[in-house]
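What follows is the residue order along each chain.
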Amino acid sequence: MAEAVIRVAGLAKSYPTAAGDFQALRGVDLEIAAGDYVAIMGPSGSGKSTFMNLLGCLDTPSAGDYFLAGQNVARLDPDALARLRNRTLGFVFQGFNLLPRMSLVDNVALPLVYAGADRDTRRARARELLERVGLGRNADARPNQISGGQQQRVAIARALVNRPRLILADEPTGNLDSHTSEEIMRLFGELNGEGITIVLVTHEADVAAHARRQVRFRDGAIVGDHLTAEAAC
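Residues numbered from 1 in each chain as written. Predicted model: local features only at pLDDT ≥ 70, side-chain atom pairs only at ≥ 80, totals over all residues. Heavy atoms only, no water.

Bringing the pattern of salt bridges into the picture now. A full pass over the atoms with the stated rule returns 10 salt bridges. In this structure, Asp-106 engages Arg-123 in a salt bridge whose closest nitrogen and oxygen atoms are separated by 2.7 Å. With Asp-106 in helix α3 (residues 104–115) and Arg-123 in helix α4 (residues 119–132), this residue pair connects regions lying 17 residues apart in the sequence. Overall, the relative accessible area of 27% leaves Asp-106 in the partly exposed class. (Salt bridge = Lys/Arg side-chain N within 4 Å of Asp/Glu carboxyl O. Helix = DSSP H or I, 4+ residues; strand = E, 2+ residues; numbered from the N terminus. Buried < 20%, exposed > 50% of the residue type's maximum accessible area, 1.4 Å probe, protein only.)

What follows is the structure, given as structure tokens:
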């Protein structure tokens, strides 16, 4: 069996409100193996976005343990955590999060700045990945000069620039039309076929169907965890 790139045990998260603490997550246990492709689903307020924020180390749990690539993130100092995130995780967001005044190649190369790579290395790697997502000829364009679907391809290239083991994607097709969404999901499928673990949040059943496994949240807890029909064959 493949090693677990993600393992959470008793993961809980609460937020203070005027009416008392709100329990966004209630003791979640989950393992995701290296090379898996998982869709996180659930209605608004189910805890799926809170869970993804914790997986991305963008927030800290109120209780429980989170092991990322075998390391308990709660025991890492900020520098060690930043290094682990930088070499392990790639992020893809619904809103693309590209910097409007930077060229596409510089947007893609940005994570390598924090990794300490020199300029020539950064730009060569970024151009390689723009070619990979079909936008090599647009490398010097600005984000506002390309379509939304192309911007999401740039975001995926940026997520890949540090050669991560795991991509976390939060509603990656939420701002795209159905045809473009299918193109993006095909790209995710290709990346998963190359061995990259993918975890994505979606509320769309047709998007989730591309994954091999679906995990459903409700009221801060996992209420379903099963293989998709394609994966079960």
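Moving on from the model shown.
Attention now moves to the pairing of strand β1 (residues 4–17). Residues in a regular strand point their side chains to alternate faces of the sheet. Here 10 bridges tie β1 to strand β2 (residues 20–33), and the two strands are oriented antiparallel to one another. Considered in β2, the bridge of Leu-11 is made with Val-28. Here β1 hands over to β2 after 2 residues, the two strands then running antiparallel side by side. Note that β1 and strand β4 (residues 63–68) share 5 bridges and pair antiparallel. Its bridge partner being in β4, Ile-6 is matched across the sheet by Leu-68. (Pairing = 2+ DSSP bridges.)

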